[in-house]
Amino acid sequence: MTTNPQTFTIGEESFLLAGRPFRILAGALHYFRVHPDHWRDRIRKARLLGLNTIETYVAWNAHEPYRGEWDASGGLDLGRFLDIVAEEGMYAIVRPGPYICAEWHGGGLPSWLTSIPGIGLRRSEPQYLAILTEYLRRVYDIVAPRQIDRGGNVILVQIENEYGAYGDDKEYLAELVRVTREGGITVPLTTVDQPEPQMLRDGSLPGLHLTGSFGSRATERLATLREHQPTGPLMCSEFWDGWFDWWGTKHHTTSAAESARELDALLAAGASVNLYMFHGGTNFGLSNGANDKGRYLPIVTSYDYDAPLSESGEPTEKFWAFRDVIAKYADVPGTVPGAGASDAIGSGTEAHAEGAASGVLAARAPAPAFDVALTPAGSWIGRSAAGTFPQPPTFDELGVPGGVLVYTTELPAGAAGILTVAEIRDQAWVSVDGMPVGTISRTRSERSIRIPAGRRLTILVEEQGRTNYGPRIGEAKGLIGPALLDGAELSGWDVEVIAERDLVARASVPGPVETALIAPVWTGEFDLAEAADLFLDAAGARKGFAFVNGFFLGRYWRNGPQRTLYVPAPVTRAGRNTVTLLELEHLDAPALTFAPHPVLGPTDE
């Protein structure tokens, strides 16, 4: 971007860059949802769309999944990400939360934080404030040196996130501002809320610039925002151009033409914008969140979002429609007078360095489809036995963010009957003496199951995603409350922990194991001429976790809508590659295919 310090301020009508009016044309791109080797490609394509700024959240629980284990390396290297944004000639907006929502696990709040007794989440409670201060200082150590007034490219930092939909603790917001300023942040500070009067009142403070989040009725919603932000530039800092998916529903899409019309209305009004999302990316591993507004709905692995740039980095119909709109209000790289945007820069999926400089997207042929034969590689084994407990402990009591817990207890001699639990969070597979009995599902509001007589009861519980929005943020996960057999409490539980890092370790070194639990491990090999983007089609499997060369792609589930899992080219290699499934339900070898294109399920249109 520049090594010369510049000013970025808020004027009476506009953002001012070095004293001159500046319209922010931003796109959301979460570094933690994109393989780091793809950061530059995705950022470059944002510039080719006509954007001048990249916006990102910071996911606290990605950087610190266990307290004190801070990681800002590799795919979590926020500093390197911001530097690449600058190298590609773009500005940056940083939204560190600490709460981010984002359909991300727990809304970004670490489970070790939310499980602290008496913690006052998202309010001016001393214990919470002290801990989040440590987090924000770490983030600002990265962001502060990269601000525009220090020769960097960061122009805005956001305080909290849609706070008006959650609370109205002004002391809490003031403390966040204090910590932010003391952390060396000197650029303007913003808030974001849906353009509802109560939310806008509750979610901000004097001195913070209010922005809105919406995806339709732009003229009306900008007018509401103006009532609460009388001066300065109007900005939709989350222009919802698509939507997310949850398991068991259709793939959500929005009309490219309608979204382009709303974007046009927004820009015609002189507003700045941040496309949410420009490029959604992927909820790799166990990072997906969940929504619960009366029914628990876990988010799928893909975060494609029906965005202008697809999950695998391909320009979509929405990319071209938005580019035509943006070209009416700003200079767009590669535009040819008299030609449509798509004619001007071609089409395809990969921005090669030599073409991107002149505003060209070069076409790339998709990888061919092929099948992979899977063979058994033993059964699951956890990191270690957590111990024996009188009542089943939760993930949170064991200090585990997510994954799988295996609970085992001895049954009374000859006992059979109805097994009942207070609640399962989120799905359980029940077996007696190693024989599967059935499942208990939170999404189906189940709490009981009939079991046969036997000696040993095993309940495998999968945490399917921590709630990212609303009052259930921070709820405990696992087998909740006592387990009863025909009303009599079962006690003396042996518990085995299989956290995310244990899943990765197990998938990286498949082979026979001594401790057989419930779920089998399947592995197969395939050859590639060169590293390539792939789409693993797990429609022949049922439910579980998938890995390629030890990289945790995420969850698959036969109830859809998502059928394929995106495999980024950087995790593959020329020659022999390995795919591993940790399958929760399939007793026979699953059928596995690599498809040439993603299949995210039937759409809602």
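Scroll up for the structure.
Residues numbered from 1 in each chain as written. Predicted model: local features only at pLDDT ≥ 70, side-chain atom pairs only at ≥ 80, totals over all residues. Heavy atoms only, no water.

1. Some thoughts on the nonpolar core
So, point 1. Counting 108 residues, the largest nonpolar core has Ile24, Leu113 and Leu266 as its most contacted members.
So, point 2. A total of ten residues in this core trace back to one element, the largest contributor, which is helix H5 (residues 126-143).
So, point 3. Setting aside its immediate chain neighbours within four residues, isoleucine 24 contacts Phe8, Phe15, Asn52, Thr53, Ile93, Ile155, Leu156, Met235, Ser272 and Val273.
So, point 4. Counting residues in hydrophobic clusters, the runner-up holds 27 residues, among them Leu419, Ile449, Ile459 and Leu479. (Core = buried A, V, L, I, M, F, W, Y, C linked by side-chain atoms within 4.5 Å. Buried < 20%, exposed > 50% of the residue type's maximum accessible area, 1.4 Å probe, protein only. Helix = DSSP H or I, 4+ residues; strand = E, 2+ residues; numbered from the N terminus. Contact = heavy atoms within 4.5 Å.)

2. Section: helix H6 (residues 170-182)
So, point 1. Its 13 residues give H6 an end-to-end C-alpha distance of 18 Å, which sits within 8% of 18 Å, the value for a rise of 1.5 Å per residue.
So, point 2. Every buried residue of H6 is accounted for by Tyr172, Leu173, Leu176, Val177, Val179 and Thr180. All buried residues of H6 lie within an arc of 165° about the axis, which places them on one face of the element. Pointing more than 90 degrees away from the buried face of H6 are the exposed residues Glu171 and Glu182.
So, point 3. As for H6, its buried residues are in contact with H5, strand E8 (189-193) and helix H7 (197-202).
So, point 4. Near the N-terminus of H6, the side chain that reaches the backbone nitrogen of glutamate 171, with its oxygen 3.1 Å away, is that of aspartate 169.
So, point 5. Glycine 184, located one to two residues past H6, shows a positive phi value of around 95°. (Expected span 1.5 Å × (residues − 1). Arc of directions from axis to C-beta. Polar contact = N/O pair within 3.5 Å; in protein donor to acceptor, adjacent residues only side chain to side chain.)

3. Some points on the packing of aromatic side chains
So, point 1. A full pass over the atoms with the stated rule returns 32 aromatic pairs.
So, point 2. Each ring, one from tyrosine 31 and one from phenylalanine 32, has its centre 5.1 Å from the other, and the planes form 80°; the classification is edge-to-face. Accessibility assignment for this pair places tyrosine 31 and phenylalanine 32 in one class, buried.
So, point 3. Taking 6.4 Å as the distance between ring centres and 45° as the angle between the ring planes, the aromatic pair formed by tryptophan 243 and tyrosine 305 counts as tilted. (Phe/Tyr/Trp six-rings, centres within 6.5 Å; stacked < 30°, edge-to-face > 60°.)

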